[in-house]
Amino acid sequence: MAPMLAAAALAAPAQACDAPLYDPKWRDGPIRVAADCSFTDADEFPGQTISASRAQAIGNGLLGQVVTVYQACGIYQTLMVVDCNTTETLMIEAPEGNPPVSFGGSNNREIKDLYAPRGKLQLRKTDTVPRLQSRAASHGYETTTDVAGRIAQMKSRNRYNPFCGCALFHPDSAGAERAKTNATGRPVKKG
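What counts and how
- Residues numbered from 1 in each chain as written.
- Predicted model: local features only at pLDDT ≥ 70, side-chain atom pairs only at ≥ 80, totals over all residues.
- Heavy atoms only, no water.
- Helix = DSSP H or I, 4+ residues; strand = E, 2+ residues; numbered from the N terminus.
- Buried < 20%, exposed > 50% of the residue type's maximum accessible area, 1.4 Å probe, protein only.
- Contact = heavy atoms within 4.5 Å.
- Areas by Shrake-Rupley, 256 points an atom, 1.4 Å probe, with all protein chains shown as cover.
- 1 Å grid on protein atoms, 1.4 Å probe; cavity = no way out; pocket = protein on both sides within 12 Å on 5 of 7 lines; lining within 4 Å.
- Points joined across faces, edges and corners; volume = space filled by probe spheres on them.
- Nonpolar A, V, L, I, M, F, W, Y, C, P; charged D, E, K, R; others polar.
- pLDDT = per-residue confidence, 0-100.
- Disulfide = S-S within 2.5 Å.
- Phe/Tyr/Trp six-rings, centres within 6.5 Å; stacked < 30°, edge-to-face > 60°.

*Asks:* Would you explain the overall build of the protein chain in this entry?
*Replies:* Helices and strands together make up the secondary structure of the protein chain, namely 5 helices and 8 strands. Each helix (α) and strand (β) of the protein chain, taken in turn from the N terminus, gives the series α-β-β-β-β-β-β-β-α-β-α-α-α. Counting across all 191 residues of the protein chain, residues that qualify as buried make up 37%. Look at the contacts in the protein chain between residues 6 or more apart in sequence, and 45% of them connect residues 24 or more apart. For the protein chain, the accessible area works out to roughly 11200 Å², and carbon and sulfur atoms hold 54% of it.

*Asks:* What exactly am I supposed to notice about empty space enclosed by the protein here?
*Replies:* Picture a little ball the size of a water molecule; that probe, rolled over the atoms, points out where space is still empty. In total, this model carries 1 cavity of 30 Å³ or more according to the counting rule given. As a volume, the largest cavity reaches approximately 50 Å³. Forming the boundary of the largest cavity are A55, L63, G64, Q65, M80, V82, P162 and G165. Contributions of two or more residues to the lining of the largest cavity are made by β5 (62–71) and β6 (74–83). Top element by residues in the lining of the largest cavity is β5. It accounts for 3 residues. In terms of residue class, the lining of the largest cavity is made up of 5 nonpolar, 3 polar and no charged.

*Asks:* Honestly, the confidence of the model for the protein chain in this entry has me stumped. Any pointers?
*Replies:* In regions of low pLDDT, the predicted coordinates are not meant to be interpreted in detail. The predicted model of the protein chain averages 78 in pLDDT, with 74% of residues at 70 or higher. Helix α4 (residues 164–169) holds the highest mean pLDDT among the elements of the protein chain, 96, whereas helix α1 (residues 3–10) holds the lowest, 36. A low-confidence stretch, residues 1–15 (pLDDT under 50), is modelled with 2 contacts involving residues beyond four sequence positions or located in other chains.

*Asks:* What exactly am I supposed to notice about the environment of T181 here?
*Replies:* Take T181: it is sitting in the segment after α5 (174–178). C-alpha separation for the pair T181 and F163, spaced 18 residues apart in sequence, amounts to 9.1 Å.

*Asks:* What's the story with the state of the cysteines in this structure? I'm lost.
*Replies:* All told, the structure shown has 2 disulfides when counted by the stated rule. Between the sulfur atoms of C37 and its disulfide mate C164 the distance is 2.1 Å. Disulfide C37-C164: the torsion about the S-S bond is -75°, which places it as left-handed. Of the two residues, C37 is situated in the loop between β1 (32–33) and β2 (39–40) and C164 in helix α4; the sequence distance between them amounts to 127 residues. Each sulfur of the disulfide joining C84 and C166 lies 2.1 Å from the other. Disulfide C84 to C166: torsion about the S-S bond roughly -90°, handedness left-handed. Of this pair, C84 sits in the loop between β6 and β7 (89–93) while C166 sits in helix α4; the two residues are 82 residues apart in sequence, bridging distant segments of the chain. Judged by relative accessible area, which is 0%, C84 ranks as buried. By relative accessible area, which is 0% here, C166 ends up buried.

*Asks:* I'm lost on the packing of aromatic side chains in this one. Help?
*Replies:* By convention here, two paired aromatic rings are described through the distance between centres and the angle between planes. Applying the stated rule across the entire model yields 1 aromatic pair. Between F39 and Y160, the ring centres sit 4.4 Å apart and the planes meet at 25°, which makes this aromatic pair stacked. Here the residue F39 occupies a position in strand β2, and Y160 occupies one in the loop between α3 (147–152) and α4, the gap between them amounting to 121 residues. Of the two residues, F39 and Y160, both sit in the buried class.

*Asks:* Explain unusual backbone geometry here, please?
*Replies:* For residues besides glycine, phi is generally negative; the peptide bonds are generally trans as well. Residue N60 is not a glycine yet carries a positive backbone phi of 60°. Take N60: it is sitting in the loop between β4 (56–59) and β5. N60 gets classed as partly exposed once you look at its relative accessible area, which sits at 42%.

Below, the structure is given as structure tokens:
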């Protein structure tokens with residue numbers, strides 16, 4: 001038997017993912033937002049974790065964050081883009097893996113499959129939200145500009161402010177003003 005075939009024959013069989021069981025110690029605590037606008041603990045129910053990367057400058061007043069949801073047996077990632085100058089927002093869903101990967105749950109949707117070399121999307125320093133949405137849609141990626149609507153569907157203690165990074169990168173922008181309110185437009189309480 002060829003060495004490669006022998007190694008394949010000896011490899012442990014792939015195991016299906018088992019969805020996490022209800023953890024009686026799980027408590028729905030409030031979201032935790034760091035100084036770099038990354039966040040954790042936006043979970044909505046046991047067996048799910050919602051977090052985001054730090055805010056990063058794309059160019060032309062745009063900032064991006066990768067929002068990650070681990071749920072049951074899958075990972076679902078979305079690129080969230082905000083324009084600090086115009087306050088336009090965009091979410092681009094990562095496509096199903098290339099090739100799709102499934103561990104007994106849904107196919108994973110990872111950000112690495114959105115960008116080259118696996119994906120087709122390229123971010124440009126001259127992008128605007130409408131241009132980026134148009135280009136993402138032309139590649140078949142799912143998009144929405146209703147970021148506030150998505151966030152509003154979350155429990156109030158788990159909502160995040162998509163404009164948080166504007167206060168860091170563009171402190172005199174309209175987005176920085178929006179960073180002073182929560183996702184529903186109410187002033188952020190200090191302390």
